[in-house]
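Remarks on the overall topology
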Amino acid sequence: MTTENTRPRARTLGIPLDGQPGPFNAITDVSGVDVGYTTLFEGDHIRTGVTAILPRGAAKIGVPCAAASYVFNGNGEMTGRAWVDESGSVNMPIMITNTHAVGAVHEGVIRYACEHHPAIARDWLLPIVGETWDGYLNDMNGLHVRPEHAVQAIEAARSGSLAEGSVGGGTGMNCYGYKGGSGTSSRLVPYGDRTYTVGVFLQSNFGGRDELVVAGHPVGRQMLDDNPMRDTDWLTEGAGSVIAVVATDAPLLPLQCRSLAKRIPVGLARTGTSGSHFSGDLFIAFSTANEGALSSRMGTAPGYEQLTFIPWSHMDPFFTAVAQAVEEAVLNSLVANEDMTGRNGHRTPGIPITRLLQLVR
């Protein structure tokens, strides 16, 4: 039930999408960013996992990136946000899992850091763990995600093309009444004589079926049949949440990273959602430029640091890139999937590709 990129992605299917992606069309197009998964698919009730995003790879855990977070709707959790926004930086893996696994993943990151990066563990550790709810398909209260699964996801992190859909933390997630989960995309942004990359990774678990819009076409209202989640009386349609991560190699200030994160809802809205009260929508953005700046370590000698950054007056193309990449990442998370059956026989259909393309074309 996992996808290893054997199914065509949204762009390959011919869905018209704006902007120029990088070679992998993934967050890993940003040099140094690695992504790893641990996928748990067992019996008829375990459909969950862990995703790890390493901003500078495993060897450079502890080296800060300029960063900031943004909350569109607070019915969710992302640990470590307070320190990210206070310091303007992130130096730890960014983890995504299910709602009741946050504690186990948090512990796993600490275990990994203590073993592999004891120098940063000596000060303090505030892991970043975001969550979305997979209780429709997964036995979430069984607490099947353990600290070692977080360690495995970090150790599996790599660059290159990424599996999407029902992998990692996205394994049990649903989007617009169809099978959702992990999705990614990227955009190239020319700037003077250089080209920078903006990459997005998200865990899609939001939206009601009738909201779904693809390439400007309100297809969801024409695809209302075969929607088992709608008939579940304890689940409000559209509830669930989305965690999104934006990475770029463009040199940015922390406040500019926040501005990137604030554009994530623009991309989500292009796919139709209006933002449910029961959807926790939490985002983080970081820049891998300016390596060596924004350190916050005790016991260092007095000194100075410098940040190079894109002038605010030239940020609009980067905002556009975020919106475009988020839209495509959501669609990639949908088209990657087939039907899935899980806890208590609950079933979520994969989006019917042929019918979707007929409506779009």
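Everything below is about the structure printed above this text.
Residues numbered from 1 in each chain as written. Predicted model: local features only at pLDDT ≥ 70, side-chain atom pairs only at ≥ 80, totals over all residues. Heavy atoms only, no water.

Broken down by element type, the protein carries eight helices and 14 strands. Taken over C-alpha atoms, the radius of gyration comes to 19 Å for the protein, in line with the 21 Å a tight globule of 361 residues would show. Dimensions along the principal axes, computed over C-alpha positions, put the protein at roughly 65 × 45 × 35 Å. Counting across all 361 residues of the protein, residues that qualify as buried make up 58%. Contacts in the protein between residues far apart in sequence, at least 24 positions, make up 80% of those at least 6 positions apart. Surface summary for the protein: the accessible area is close to 13900 Å², and the carbon and sulfur share equals 50%. Averaging the locations of the 26 positively and 35 negatively charged side chains of the protein gives two centres separated by 3 Å. (Helix = DSSP H or I, 4+ residues; strand = E, 2+ residues; numbered from the N terminus. Rg over C-alpha atoms; globule rule 2.2 N^0.38 Å. Buried < 20%, exposed > 50% of the residue type's maximum accessible area, 1.4 Å probe, protein only. Contact = heavy atoms within 4.5 Å. Areas by Shrake-Rupley, 256 points an atom, 1.4 Å probe, with all protein chains shown as cover. Lys, Arg positive; Asp, Glu negative; His and termini not counted. Charge placed at Lys NZ, Arg CZ, Asp CG, Glu CD.)

Let us look at the sheet that holds strand S1 (residues 34-42). Spatially, S1-S2-S5-S6 is the arrangement adopted by the four strands of the open sheet, whose pairing is mixed. The strands lining the two open edges of the sheet, one partner per strand, are S1 and strand S6 (128-132). Between one strand and the next, the sheet's axes are offset by a mean angle of 15 degrees, whatever the strand orientation. Across the sheet, helix H2 (residues 102-116) touches strand S2 (46-54), strand S5 (94-98) and S6, and the angle it forms with S5 is around 150 degrees. (Pairing = 2+ DSSP bridges. Axes fitted to C-alpha atoms, helices over the stretch in contact; angles between N-to-C directions.)

Take the packing of aromatic side chains next. The geometry of an aromatic ring pair comes down to the distance between the two centres and the angle between the two planes. All chains considered together, the criterion is met by six aromatic pairs. Where Tyr-37 meets Phe-201, the ring centres are 6.3 Å apart and the plane angle is 45 degrees; that geometry is what we call tilted. Residue Tyr-37 is found in strand S1, and its partner Phe-201 is found in strand S10 (residues 194-204); the two are separated by 164 residues along the sequence. The same class applies to Tyr-37 and to Phe-201, which are both buried. (Phe/Tyr/Trp six-rings, centres within 6.5 Å; stacked < 30°, edge-to-face > 60°.)

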